[in-house]
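# Architecture at a glance
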Amino acid sequence: MHKLDKKTLAMLRNWKNKYGLDVIEDRLDSGLFHNDKAMQQACYAWIRAQRAAPVILLAVKFVFGLAVFLGAIASVIAVFK
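Presented here is an overview of the structure given in this document. Computed from a predicted model, the values in this text were never measured in an experiment.

## Focus on the overall build of the chain
Looking only at helices and strands, the chain has 3 helices and 0 strands in total. Secondary structure of the chain in N-to-C order comes out as α-α-α. Against the compact-globule benchmark of 12 Å for 81 residues, the chain has a radius of gyration of 21 Å, which places it well outside the compact range. Every one of the 81 residues in the chain was classed for burial, and the buried ones make up 20%. Accessible surface, the chain as shown: approximately 6,200 Å² in total, 66% of it carbon and sulfur. A gap of 11 Å separates the mean positions of the 12 positive and 6 negative side-chain charges of the chain.

## What about helix α2 (residues 21-29)?
Every buried residue of α2 is accounted for by Leu21, Ile24 and Leu28. Within α2, the buried residues cover an arc of 60 degrees as seen down the axis, which keeps them to one side. Exposed residues lying more than 90 degrees from the buried face of α2 are Asp22 and Asp29. Buried residues along α2 sit against α1 (6-18) and α3 (37-79). Among the residues trailing α2, Gly31 stands out with phi positive, at a value near 125 degrees.

## Some points on the side chain of Thr8
Position of Thr8 among the secondary structure elements: in helix α1. If near-sequence neighbours (up to four positions away) are discounted, Thr8 is found in contact with Phe33, Met39 and Cys43.

Cut-offs used in this document
- Residues numbered from 1 in each chain as written.
- Predicted model: local features only at pLDDT ≥ 70, side-chain atom pairs only at ≥ 80, totals over all residues.
- Heavy atoms only, no water.
- Helix = DSSP H or I, 4+ residues; strand = E, 2+ residues; numbered from the N terminus.
- Rg over C-alpha atoms; globule rule 2.2 N^0.38 Å.
- Buried < 20%, exposed > 50% of the residue type's maximum accessible area, 1.4 Å probe, protein only.
- Areas by Shrake-Rupley, 256 points an atom, 1.4 Å probe, with all protein chains shown as cover.
- Lys, Arg positive; Asp, Glu negative; His and termini not counted.
- Charge placed at Lys NZ, Arg CZ, Asp CG, Glu CD.
- Arc of directions from axis to C-beta.
- Contact = heavy atoms within 4.5 Å.

Below is the structure:
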């Protein structure tokens, strides 16, 4: 897969902050990087990764939080045995 260069990545991050991911996707759909299909596909992959990142982070926090909670319960149970 094609990797995004620093200039393109900076542009995508700037647009994400200013306009949001939907606007970037609309621009890709309307022909942004139409002459470089590999770059266009890399941009779409970047958008998918950006959309998945909050979900992954939430899942990681949940799993670690659950582990801490279960560890605390196990400690309390061990104290009262």
